[in-house]
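Descriptive analysis of the structure
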Amino acid sequence: MNPELAPTLPADMPDLWRDALGQIHQPAGPAPRIVSLVPSLTELICDLGLTEALVGRTGFCIHPRELLKPIPKVGGTKDVKLDVVRALEPTHLIVNIDENRRETVDALAAFVPNVIVTHPCVPADNLGVYRLFGAIFSRVEHAQALCLALEEALAEAERARQALPAEKVLYLIWREPWMTVSRATYIAAMLGAVGWNSLPESHEPRYPFVDWADAAWRQADRVLLSTEPYSFAERHLAEVEDLCQRPAMLIDGEMVSWYGSRAVSGLRYLVQLRHALAGEAGVQA
C-alpha cells in the first residue's frame, strides 16, 4: 500500500476522518463488525472498549489474551485466509501499510465495505490513530483519554532525552542472518524519543543485515537484543558481546515495536530503562 496513491480530497473535510491513504471514513453506526490484521491495533480496539465489535483477528493478535481467546483467527498478518474473513461478514477491516500485503488488502476490499489503513511512523502519529478510531467507532472519550496519556508519556520521554547523555545503540531483530533496523522505522523513532540513536544512521534498507566484520558496529554504546520477532534470550548475550565487543542486553520488543495504545507504556518502559541504566553507570563510576 503506497501513501502516494492517496486521492485528492476536499479541503473542507476534517483530518479526523482520514486514514493513512487519505481515505475519508464515516461513523460506523451502532453494530460494527471489525476484523483486525494488525496485532498492536487489535490491542487498541480492545482498549477503546470495542472488544464486542471485534469478530476476527490474526494469530499474532495476542493482547489482551483473555479478551481475545474467543475471537476467531483469520490467519497471519501476511497469509490471511480470505474465505474465513468473508464468512465473518465484517463491516470494517483494519490494516497497516508495513504489516499487510497490498494484494491481500485489495482482495479483501472487494467484499469488506470499509478498509481503514494505518501507518504510524513515529510515536506521536498514534494520536491520529486514536482520534480516527474514536471518531469512526464512537469512542471519542476513550480516544481523548489515550491521547492525554500519550502526550504525557511523550513529555516524559523528552525530559529523559534532555537529561541523559545520548547513546548509540544497535537494535537486533534477527539472528543468522543478523539484522537490525534503520532510522526510517517506528522502532528507531521510539528509541530516539529517549535519546537512543540507532545504528546504522542510514534510512535504507529499512532492515539491514549486520556484517560483524564491519567495525562501524563497534560505535554502538550498547547492543539491544529484542525479544521479537526473533526470541532473543539470555543465552545470546555472551555471543553478541563476543561478536561486537560491546555490552549487550535484552529489551522487550513489544514495548518498542507495538504502536497503538502500547505506545504509552512503551515510552514509559524506555524512560525507566534509560534511567535505570544511568543509575547503574553512576554506581559503577
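The structure we're discussing is the one just above.
Calculation rules
Residues numbered from 1 in each chain as written. Predicted model: local features only at pLDDT ≥ 70, side-chain atom pairs only at ≥ 80, totals over all residues. Heavy atoms only, no water. Helix = DSSP H or I, 4+ residues; strand = E, 2+ residues; numbered from the N terminus. Contact = heavy atoms within 4.5 Å. Buried < 20%, exposed > 50% of the residue type's maximum accessible area, 1.4 Å probe, protein only. Phe/Tyr/Trp six-rings, centres within 6.5 Å; stacked < 30°, edge-to-face > 60°. Pairing = 2+ DSSP bridges. Right-handed = clockwise from strand over helix to strand, strands pointing away. Axes fitted to C-alpha atoms, helices over the stretch in contact; angles between N-to-C directions.

A few words on the side chain of Arg274. You can see Arg274 is positioned in helix 10 (residues 262-284). When sequence neighbours within four positions are dropped, the list of residues in contact with Arg274 reads Leu164, Pro165, Glu167, Val194, Gly195 and Trp196.

Its location among the elements puts Ser198 in strand 6 (residues 196-198). Note on Ser198: relative accessible area 2%, which makes it buried. Separated by 30 residues in sequence, Ser198 and Lys168 have C-alpha atoms that sit 5.7 Å apart. Other than its neighbours up to four places away in sequence, Ser198 contacts Val169, Ser182, Arg183, Ala188 and Leu191.

Throughout the structure, instances matching the rule amount to six aromatic pairs. Pairing Trp174 with Tyr230 gives two aromatic rings, centres 5.3 Å apart and planes at 80°, and the pair type is edge-to-face. Of this pair, Trp174 sits in the loop between strand 5 (167-172) and helix 7 (186-193) while Tyr230 sits in the loop between strand 7 (222-226) and helix 8 (237-244), placing them 56 residues apart in sequence. Overall, the relative accessible area of 18% leaves Tyr230 in the buried class. A centroid spacing of 5.6 Å and a plane angle of 75° characterise the contact between Trp178 and Trp212, whose relative ring orientation is edge-to-face. Note that Trp178 is positioned in the loop between strand 5 and helix 7 and Trp212 in the loop between strand 6 and strand 7, a separation of 34 residues in sequence. The exposure classification of Trp178 matches that of Trp212, with both residues buried.

Quick look at the pairing of strand 7 now. Judged by how many residues are buried, strand 7 sits mostly within the fold: five of five residues are covered. Residues Arg222, Leu224 and Ser226 of strand 7 are buried on one face, and the alternating residues Val223 and Leu225, pointing to the opposite face, are buried as well. Looking at chain direction, strand 5 and strand 7 are connected through four bridges and run parallel. Within the sheet, the bridge partner assigned to Leu172 lies in strand 7 and is Leu225. Note: strand 7 against strand 8 (residues 248-251), four bridges, orientation parallel. Residue pairing in the sheet places Ser226 in a bridge with Ile251 of strand 8. Where the polypeptide runs from strand 7 across helix 8 and back to strand 8, its parallel neighbour, the crossover connection is right-handed.

What follows deals with unusual backbone geometry. The step from His63 to Pro64 runs through a cis peptide bond, and the omega angle for that step is -5°. Relative to the elements of secondary structure, Pro64 occurs in the loop between strand 2 (54-57) and helix 2 (65-68). Despite not being glycine, Ser138 shows a phi value in the positive range, around 55°. With respect to the secondary-structure elements, Ser138 resides in the loop between helix 5 (126-136) and helix 6 (140-163). A residue is classified by how much of its surface remains accessible, and Ser138, at 52% relative accessible area, is exposed.

With that settled, consider the sheet that holds strand 8. Strand order in the open sheet formed by four strands is 6-5-7-8, with parallel pairing between adjacent strands. Each of the sheet's edge strands pairs with one partner strand only, and the pair in question is strand 6 and strand 8. This sheet shows a mean twist of 40° between the axes of neighbouring strands, independent of strand direction. In the packing of helix 7 onto the sheet, the strands contacted are strand 5, strand 6 and strand 7, and the crossing angle to strand 6 comes to about 150°. Along the sheet, helix 8 makes contact with strand 5, strand 7 and strand 8, crossing strand 8 at roughly 135°.

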